[in-house]
Amino acid sequence: MQVYTKILIGMLVGAIVGLTLGPNSSLLEADIYKVTSWERLDLQLDKDDPSTAFSLPPKPSKPGAKPTAPKPLRLKIVETRDAEFTDAKGETSTLTAWSKVQMPITHQMLLRDKDGALAERLGNPVVGDEVTVWVKHQHTELESGGHTVWPIPISGFGDTLVSWMKPVGDAFMRLIKMVIVPLVFASLLVGVASLGDIRKLGRMGLRTLGLYMGTTAAAVSIGLAVAHLINPGSFIDERSRVALQAQFEGAAGSTADAAAEAPSTVENLLNIIPGNPAESLVTGDMLQVIFFAVLFGVALTFLDNKNGQPVVTLMDRVQNAMVVIIHIVMKIAPYGVAALVAEVVGTSGFSVLKGLFVYGLAVLIGLALHGAIVYGLIVKYLAKLPILGFLRAARPAQLIAFSTSSSSAALPVSMECAEENLGVSNPVASFVIPLGSTVNMDGTALYQGVAAIFIAQVFQMDLSVGDQIGIVATATMASIGAAGVPGAGMVTLAMVLTASGIPTVGVALILGMDRLLDMFRTGLNVTGDLAVTAAMARSEGDDLKILTKQEDKRDTKRGFEKRLDGGQEPIEPE
Ligand code: ASP
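All residue numbers refer to position in the chain's written sequence, counted from 1. Residues qualify for local features only when their pLDDT is at least 70, as the model is predicted, and side-chain atom pairs are given and counted only at 80 or more; totals for whole chains, interfaces and linings, by contrast, use all residues. No hydrogens and no water enter the side-chain calculation; it runs on all heavy atoms of the structure.

Peer 1: How should the overall build of the protein be read in this particular structure?
Peer 2: Where helices and strands are cited, they refer to DSSP runs of H or I of at least four residues and of E of at least two residues respectively, numbered from the N terminus. A count of helices and strands for the protein gives 20 helices and nine strands. Each radius of gyration is computed over the set of C-alpha atoms, and the globule rule expresses the reference value as 2.2 Å times the number of residues to the power 0.38. Taken over C-alpha atoms, the radius of gyration comes to 26 Å for the protein, in line with the 25 Å a tight globule of 574 residues would show. When the backbone C-alpha atoms are referred to their principal axes, the protein occupies close to 85 × 60 × 50 Å. The contact criterion used throughout is that any non-hydrogen atoms of two residues lie within 4.5 Å. In the protein, 80% of the contacts between residues at least 6 apart in sequence involve partners at least 24 apart. Only the protein chains shown count as cover for residues, and the accessible areas themselves come from Shrake-Rupley with a 1.4 Å probe. In the form shown here, the protein has an accessible surface area of approximately 26300 Å², with 60% of it arising from carbon and sulfur atoms.

Peer 1: How should unusual backbone geometry be read in this particular structure?
Peer 2: What is expected of a backbone is that most residues other than glycine have negative phi and most peptide bonds are trans. Residue Trp 150 is joined to Pro 151 through a cis peptide bond whose omega torsion reads -5°. Of note, Pro 151 is situated in the loop between β8 (147–150) and β9 (153–154). With phi around 55°, Lys 384 is a residue other than glycine that occupies positive phi space.

Peer 1: When you look at the sheet that holds strand β2 (residues 42–44) in this model, what are you seeing that I'm missing?
Peer 2: The strands making up a sheet are joined through hydrogen bonds of the backbone, oriented either antiparallel or parallel. We call two strands paired when DSSP finds no fewer than two bridges between them. Taken in spatial order, the seven strands line up as β3-β2-β6-β5-β4-β1-β9 in an open sheet, and their pairing is antiparallel. Because the sheet does not close on itself, it has two edges, and the strands there are β3 (53–54) and β9. The pairing of strand β1 (residues 32–35) with strand β4 (residues 73–86) spans four bridges and is antiparallel. For Tyr 33, the partnering residue across the bridge sits in β4 and is Leu 75.

Peer 1: Mind showing me how you'd approach the side chain of His 327 here?
Peer 2: Its place among the elements puts His 327 in helix α10 (residues 305–348). Not counting residues within four places of it along the chain, the set of residues in contact with His 327 comprises Glu 416, Gly 559, Phe 560, Arg 563 and Leu 564.

Peer 1: Explain the site of the ligand here, please?
Peer 2: Residues are labelled near a given molecule or strand when at least one of their non-hydrogen atoms is within 4 Å of it. Taken together, 15 residues lie near the ligand, and Ser 407, Thr 444, Gly 489, Asp 518 and Arg 521 sit nearest. Under this definition, polar contacts are N or O atom pairs within 3.5 Å; protein pairs additionally need one hydrogen-donor-capable and one acceptor-capable atom, and for neighbouring residues in sequence, both atoms have to be side-chain atoms. One nitrogen or oxygen atom from the main chain of Gly 484 is found 3.3 Å from an oxygen atom belonging to the ligand. Take Asp 518: an N or O atom from its side chain is 2.7 Å from a nitrogen atom of the ligand. Calculation on the ligand without its partners gives an accessible area of 270 Å², and the protein chains cover 100% of this total. Under a 2 Å grid-point criterion requiring more than half of the atoms, the pocket assigned to the ligand is the largest cavity. For the shell around the ligand, the element with the most residues is helix α19 (residues 507–539), which contributes four residues. Side-chain classes are defined by residue name, with Ala, Val, Leu, Ile, Met, Phe, Trp, Tyr, Cys and Pro counting as nonpolar, Asp, Glu, Lys and Arg as charged, and the others, Gly among them, as polar. Looking at the shell around the ligand residue by residue, the class counts come to four nonpolar, nine polar and two charged. For each structure, a 1 Å grid was placed over the protein atoms alone; sets of points admitting a 1.4 Å probe that cannot get out are labelled cavities, open sets with protein on both sides within 12 Å along at least five of seven lines are labelled pockets, and lining residues have an atom within 4 Å of a point. Just a note on the criterion: a molecule sits in a pocket or cavity if more than half of its atoms are within 2 Å of the grid points.

Peer 1: When you look at the packing of helix α13 (residues 387–404) against helix α14 (residues 407–421) in this model, what are you seeing that I'm missing?
Peer 2: To characterise two packed helices, one gives the angle between the axes of the helices and the distance between these axes. An axis is simply a line fitted to the C-alpha atoms; with a helix, the fit covers only the stretch in contact. Between two such axes, the angle follows the N-to-C directions and lies from 0 to 180 degrees. Packing of α13 against α14 leaves a shortest axis separation of 8 Å and a crossing angle of 175°. Considered as vectors, α13 and α14 are oriented roughly antiparallel to each other. Contacts between α13 and α14 involve Ala 393, Ala 394, Pro 396, Ala 397, Ile 400, Ala 401 and Thr 404 from the former and Ala 409, Ala 410, Val 413, Ser 414, Cys 417 and Asn 421 from the latter. Among the residues forming the contact of α13 with α14, the class breakdown is ten nonpolar, three polar and no charged. Angles below 35 degrees are treated as roughly parallel, those above 145 as roughly antiparallel, those between 65 and 115 as roughly perpendicular, and all remaining angles as oblique.

Peer 1: Please explain the packing of helix α18 (residues 488–499) against α19 as it appears in this structure.
Peer 2: Where α18 meets α19, the axes come as close as 10 Å, and the angle between the chain directions of the two elements is 130°. Judged on the interaxial angle alone, α19 and α18 are oblique. Like other packed secondary-structure pairs, α18 and α19 cross with a definite hand, here right-handed. Residues Gly 489, Met 490, Leu 493 and Leu 497 of α18 lie in contact with α19, whose contacting residues are Val 507, Ile 510, Leu 511, Asp 514 and Arg 521. Residues belonging to the contact of α18 with α19 are distributed by class as follows: six nonpolar, one polar and two charged. The crossing is said to be left-handed when, going from far helix to near helix, the turn is anticlockwise and less than a right angle, and right-handed when the turn is clockwise.

Peer 1: Just checking my understanding: could you explain helix α5 (residues 198–230) for this structure?
Peer 2: In an α-helix, one full turn covers 3.6 residues, which means residues spaced three or four apart are oriented alike. One fewer than the residue count of a helix, multiplied by 1.5 Å, yields its expected span. Between its terminal C-alpha atoms α5 stretches 48 Å, which fits the 48 Å expected from 33 residues at 1.5 Å a residue. Between a side-chain oxygen at the N-terminus of α5 and the backbone nitrogen of Arg 199 the separation is 2.9 Å; the capping residue is Asp 197. Asn 231 sits one or two residues past α5 and shows a positive phi near 60°.

Peer 1: Would you take a moment to explain the packing of aromatic side chains for this structure?
Peer 2: When we look at a pair of aromatic rings, we describe it by the centre distance and by the angle of the planes. Under the pairing criterion, centres of Phe, Tyr and Trp rings, with the six-membered ring standing for Trp, must be within 6.5 Å; the plane angle then separates stacked pairs below 30 degrees from edge-to-face pairs above 60, leaving the rest tilted. Counting across every chain of the model gives six aromatic pairs. Note on Phe 185 and Phe 292: the rings are 6.0 Å apart at their centroids and 15° apart in plane angle, and the pair reads as stacked. Of this pair, Phe 185 sits in helix α4 (residues 156–195) while Phe 292 is found in helix α9 (residues 286–302), placing the two residues 107 residues apart along the sequence. Think of it in three bands: residues with accessible area under 20% of the maximum for their type are buried, residues over 50% are exposed, and the middle band is partly exposed, with areas taken using a 1.4 Å probe on protein chains only. On the accessibility criterion, Phe 185 (10% relative accessible area) is buried. Residue classification places Phe 292 among the partly exposed residues on the basis of a relative accessible area of 26%. Cluster of aromatic residues (ring-pair linked, three or more members): Phe 185, Phe 292 and Phe 296. Against the face of Trp 134 rests Lys 47, its NZ or CZ located 5.7 Å from the ring centre. In this scheme, Lys NZ or Arg CZ marks a charge over a ring once it lies within 6 Å of the ring centre and within 35 degrees of the ring normal. The ring centre of Tyr 447 lies 3.9 Å from the NZ or CZ of Arg 521, which sits over that ring.

Peer 1: When you look at the confidence of the model for the protein in this model, what are you seeing that I'm missing?
Peer 2: Parts of the prediction with low pLDDT should not have their coordinates interpreted in detail. pLDDT measures the predictor's confidence residue by residue and takes values from 0 up to 100. Mean pLDDT over the protein: 87, with 94% of residues reaching 70 or higher. Averaged pLDDT values for the elements of the protein fall to 69 in helix α11 (residues 350–355) and rise to 96 in helix α12 (residues 357–382).

Peer 1: How should I be thinking about helix α1 (residues 3–21) in this particular structure?
Peer 2: With 19 residues, α1 should cover 27 Å at 1.5 Å per step; its first-to-last C-alpha distance of 26 Å lies within 8% of that length. Among the residues making up α1, those that are buried are Val 3, Tyr 4, Ile 7, Gly 10, Met 11, Gly 14 and Gly 18. Burial along α1 is one-sided: seen end-on, the buried residues are contained in an arc of 100°. When the buried face of α1 is taken as reference, the exposed residues oriented beyond 90 degrees from it are Leu 12, Ile 16 and Leu 19. On the buried face of α1, the contacting elements are α10, α13 and α14. Our arc is simply the arc of the directions from the helix axis toward the C-beta atoms.

Peer 1: Hey, could you run me through the nonpolar core in this one?
Peer 2: For soluble globular proteins, nonpolar side chains are generally found buried alongside one another. The set of buried Ala, Val, Leu, Ile, Met, Phe, Trp, Tyr and Cys residues whose side-chain atoms join them within 4.5 Å is what this entry labels a nonpolar core. Ranked by size, the top nonpolar core spans 130 residues in total, and within it Ile 7, Met 330, Tyr 359, Val 413, Phe 454, Ile 510 and Leu 530 carry the most contacts. At 18 residues, α19 tops the list of elements feeding residues into this core. Not counting residues within four places of it along the chain, the set of residues in contact with Ile 510 comprises Leu 356, Tyr 359, Tyr 447, Ala 451, Phe 454, Ile 455, Met 490 and Leu 493. Grouped together as the second largest cluster of nonpolar side chains are 20 residues, Val 35, Leu 43, Leu 56 and Ile 77 included.

Structure below.
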């Protein structure tokens, strides 16, 4: 069986496990509350004695502190009490009013308890103690009738299962990420040095950036158009809006904080120049690594051949070895992918997906249109390749991008796809792809267009044409600054929203579905990198040729199959 068929099966297994045995599964008993904004909890020691009411100490606000994701609190449900509630229309319904829960005492709780009020109330507990308290449920009355209840129970078993699978997925992610910095540095340096002509490099750089930014601006415009046509905001009723906001408010706050910390455009541009290249390599700041590797490569071409060659040869060997590591990692990919997908699908939950179905659909339609129209044209007319052949060649990178939601993680595989499956020359692939994986995010930009319109629609705001041109400009710029990691688009979305005056709390509405859509948009991001790479390769005179399945199976030196079957050889140090 081909490696990528196995990865597809891994994804499918992950999705089924996530849906049936995940925290939001309807097959399992919902026996815990998982609360992220835990200072919002109304607690009472004795349900019938209001004087025993308390809440958990709030997070101290430190100016300038780095925003951190709130630690969720797991409350085990012991028993629940219902009560009758009358809504705005005078109708009564029975809803959970109180839950008796077991609450674990955490380190954070005691650290935040500066005035000792909590310790006094709970009888000086220590970390790890379980105390039994009552949670008073918060009910929000809806103008359209009915109520929403907070918090909502989920399955403790599903939550634990997903957290057990997580390390497998994380290990896989780390294994791929491990090769990124050495691979990009080495291959870019070798690529630039073997190009040997600084004018050619400049021309290629400008054209590449032009194509990348052009496709991104087209992507946001398609996103805006699709959102206007489908009108996803009109499908969200008040109940879903209030429930989503309550559920994701805490996380949305930290996203907005992170956006507020983001540097300005000038700072972003300046940041491309590394103050200390060793630091850029250590922290994996890709734009800085690219900048340094390009200059280093150019510098080597100014030394004479005898002096420059050893460095280039060394880096060439480093690059080859990193590629072998990627092939080894691909062997465990199906398991890693299953774990990653199970986590995403399991935690997204059906109720969130149902509420946001039309919005998600609008994003997916936009992504599909962009892929078909923009990339279809680029591949057919600029790269002059058959579209289906191109898609087959790009599939490995798309699958890794989809399952990891990270363009960076997919980068080593994208480079392999470009060189081995499409026949792009090493200098072009090693220049255009690393650049694309950091600056080119069409899927992300498109989704920001849809999300901005969606949130504006839900909050009943009218956006002028000027506002929307602003969205195209900021989303295009933001996609350059966004890192190729899961959820990066969410942080830059908060910036795009702020720039056009849309409330950033709106992020809470779409957070529940974000990770799932992230998979699709990252898949498109990586496809865009490869389409532009193929076009650039054609314009640089590369002889593009799509590797057939048969060749892939036969050849132990090319492609994704059988690459490790070529055999090992001991190496004698000189
Ligand atoms: N996950 C995306 C990427 O790595 C970025 C995003 O849209 O969040 O390309």
